[in-house]
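Here is how the chains run, residue by residue.
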Amino acid sequence: MSQDRQWNVLLGATGSVASIKLPMIVDELNKKPGINVKVVPTAASYFFFKDAKVNATIHTDEEEWSMWKKKTDPVLHIELRKWADIMVIAPLDANTLAKIANGICDNLLTSILRAWDTNRPVLVCPAMNTNMWVHPFTSKHLSVLEDTFDFKIVAPISKTLACGDTGVGAMAEPETIAARVFELLVEEDRVRNEDIISPDERELA
Ligand code: PCO
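Everything quoted here is computed from the prediction, not taken from an experiment.

Before going further, it helps to spend a moment on the side chain of Thr14. Considering the arrangement of structural elements, one finds Thr14 in the loop between strand S1 (7–13) and helix H1 (22–30). Looking at Thr14, its side chain comes within polar contact range of the main-chain nitrogen of Asp93, at 2.7 Å. Here Thr14 is in contact with Ser19, Thr42, Ser45, Ile89, Pro91, Leu92, Asp93, Thr96 and Leu109, once residues within four sequence places are set aside.

As structure tokens, then:
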């Protein structure tokens with residue numbers, strides 16, 4: 001792998017209280033070589049970290065509207081979709097999970113995903129109350145993402161949640177998420193290089 005290899009990571013975040021950890025996920029990603037991060041929070045997610053220092057550019061729904069004045073202007077969800085090598089949604093709450101499993105696109109984040117190049121990887125990191133996690137809708141929606149779109153999932157972990165309940169539903173740790181993102185990007189490059197090298201060349205390599 002070239003030392004100069006750069007990857008663009010679009011980090012979406014949705015309205016789980018685990019959004020308080022968004023700045024830490026950005027910092028963990030920034031520690032990896034060659035990773036550039038942009039953040040796309042939903043309005044509900046941004047509420048949880050709007051006063052925190054985030055070491056990445058943040059793109060909000062408002063910007064999607066304010067940057068568009070006339071027909072030939074760039075459209076933010078399309079520009080970001082072109083920019084990204086991978087989309088990561090951490091945390092993914094029950095609401096956005098249900099929306100994306102059904103193709104709904106009513107904000108910047110879900111519009112990017114609806115316009116997604118399905119050859120590029122998507123990693124989702126669910127976070128929600130345990131009762132929501134074990135609800136049948138969750139596995140139904142996650143299997144749509146996994147089986148139909150080959151999205152990768154970092155499963156939630158068990159700990160004391162924001163409401164005081166203890167159980168599965170907490171977002172995986174920022175280090176775990178960043179490690180999985182890096183692993184997926186490297187793996188993606190390996191598979192693409194295999195596609196480029198012909199079987200004859202591969203025998204010689
Ligand atoms: C609501 N939802 C949650 C979200 C998942 N929780 C977590 C962790 C945090 C503390 O480490 C809140 C980040 O517990 O990811 O709690 C429950 S009622």
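For the rest of this paragraph, the subject is the sheet that holds S1. Reading across the sheet, the six strands line up as S3-S2-S1-S4-S5-S6 and stay open at both edges, with parallel pairing between neighbours. What marks the edges here is a single partner per strand, and that holds for strand S3 (57–58) and strand S6 (152–153). Pairing of S1 with strand S2 (residues 35–41) involves seven bridges; the strand directions are parallel. Bridge pairing in S2 places Leu11 opposite Val39. Across the sheet, helix H4 (residues 76–83) lies against S1 and S2, angled at about 150 degrees from S2, the strand it touches most.

This paragraph deals with the pattern of salt bridges. Using the criterion set out here, one finds 13 salt bridges in the structure. Between Asp106 and Lys99 there is a salt bridge whose closest N-O contact spans 2.8 Å. Given the relative accessible area of 52%, Asp106 is considered exposed. Here the residues in one salt-bridge network are Lys21, Lys159 and Glu173, joined through shared partners.

Describing two packed helices takes the angle between their axes plus the distance from one axis to the other. For the pair H1 and helix H9 (residues 174–196), the least separation of the axes is 9 Å and the interaxial angle reads 45 degrees. Considered as vectors, H1 and H9 are oriented oblique to each other. The handedness of the crossing between H1 and H9 is right-handed. Between H1 and H9, the residues in contact are Met24, Ile25, Glu28 and Leu29 and Pro174, Glu175, Ile177, Ala178 and Val181, respectively. Looking at the contact of H1 with H9 residue by residue, the classes come out as seven nonpolar, no polar and two charged.

Bringing the environment of Asn8 into the picture now. You can see Asn8 is positioned in strand S1. For Asn8, a relative accessible area of 17% translates into the label buried. Sequence-distant contacts of Asn8, that is, excluding residues within four places in its chain, are made with Asn36, Trp83, Ala84, Asp85 and Ile86. A distance of 2.9 Å separates polar atoms of two side chains, one belonging to Asn8 and the other to Asn36.

A few words now on the side chain of Thr138. In this fold, Thr138 is placed in helix H8 (residues 136–149). Using a relative accessible area of 5% as the deciding quantity, one classes Thr138 as buried. Excluding anything up to four places from it in sequence, Thr138 contacts Leu97, Met128, Met132 and Trp133.

The subject of this paragraph is the packing of aromatic side chains. Aromatic ring pairs are described here by two measures, namely the spacing of the ring centres and the angle between the planes. Under the criterion given, the structure shown has four aromatic pairs. When the ring of Phe47 is compared with that of Phe48, the centres are 5.4 Å apart and the planes differ by 85 degrees; the resulting orientation is edge-to-face. The exposed category is assigned to Phe47, whose relative accessible area is 55%. Owing to a relative accessible area of 29%, Phe48 belongs among the partly exposed residues under this scheme. One Lys or Arg, Lys38, reaches over the ring of Trp83 and ends 4.5 Å from the middle of that ring.

As a further point, take the nonpolar core. Grouped together as the largest cluster of nonpolar side chains are 30 residues, with contacts concentrated most on Leu11, Leu29, Val39, Val88, Ile177 and Val181. Of all the secondary-structure elements, those providing two or more residues to this core are S1, H1, S2, strand S4 (86–92), strand S5 (122–126) and H9. Residue contributions to this core peak at six residues, all from H9. Those residues in contact with Ile177 that sit more than four places away from it in its chain are Ile25, Val88, Ala90, Leu123, Cys125, Met171 and Ala172. Counting residues in each nonpolar core, the second largest holds 22 residues, with Ala101, Ile112, Trp116 and Leu142 among its members.

Reading the values: the criteria
Residues numbered from 1 in each chain as written. Predicted model: local features only at pLDDT ≥ 70, side-chain atom pairs only at ≥ 80, totals over all residues. Heavy atoms only, no water. Helix = DSSP H or I, 4+ residues; strand = E, 2+ residues; numbered from the N terminus. Polar contact = N/O pair within 3.5 Å; in protein donor to acceptor, adjacent residues only side chain to side chain. Contact = heavy atoms within 4.5 Å. Pairing = 2+ DSSP bridges. Axes fitted to C-alpha atoms, helices over the stretch in contact; angles between N-to-C directions. Salt bridge = Lys/Arg side-chain N within 4 Å of Asp/Glu carboxyl O. Buried < 20%, exposed > 50% of the residue type's maximum accessible area, 1.4 Å probe, protein only. Parallel < 35°, antiparallel > 145°, perpendicular 65-115°, else oblique. Left-handed = near helix turned anticlockwise from the far one by under 90°. Nonpolar A, V, L, I, M, F, W, Y, C, P; charged D, E, K, R; others polar. Phe/Tyr/Trp six-rings, centres within 6.5 Å; stacked < 30°, edge-to-face > 60°. Lys NZ or Arg CZ within 6 Å of the ring centre and 35° of its normal. Core = buried A, V, L, I, M, F, W, Y, C linked by side-chain atoms within 4.5 Å.

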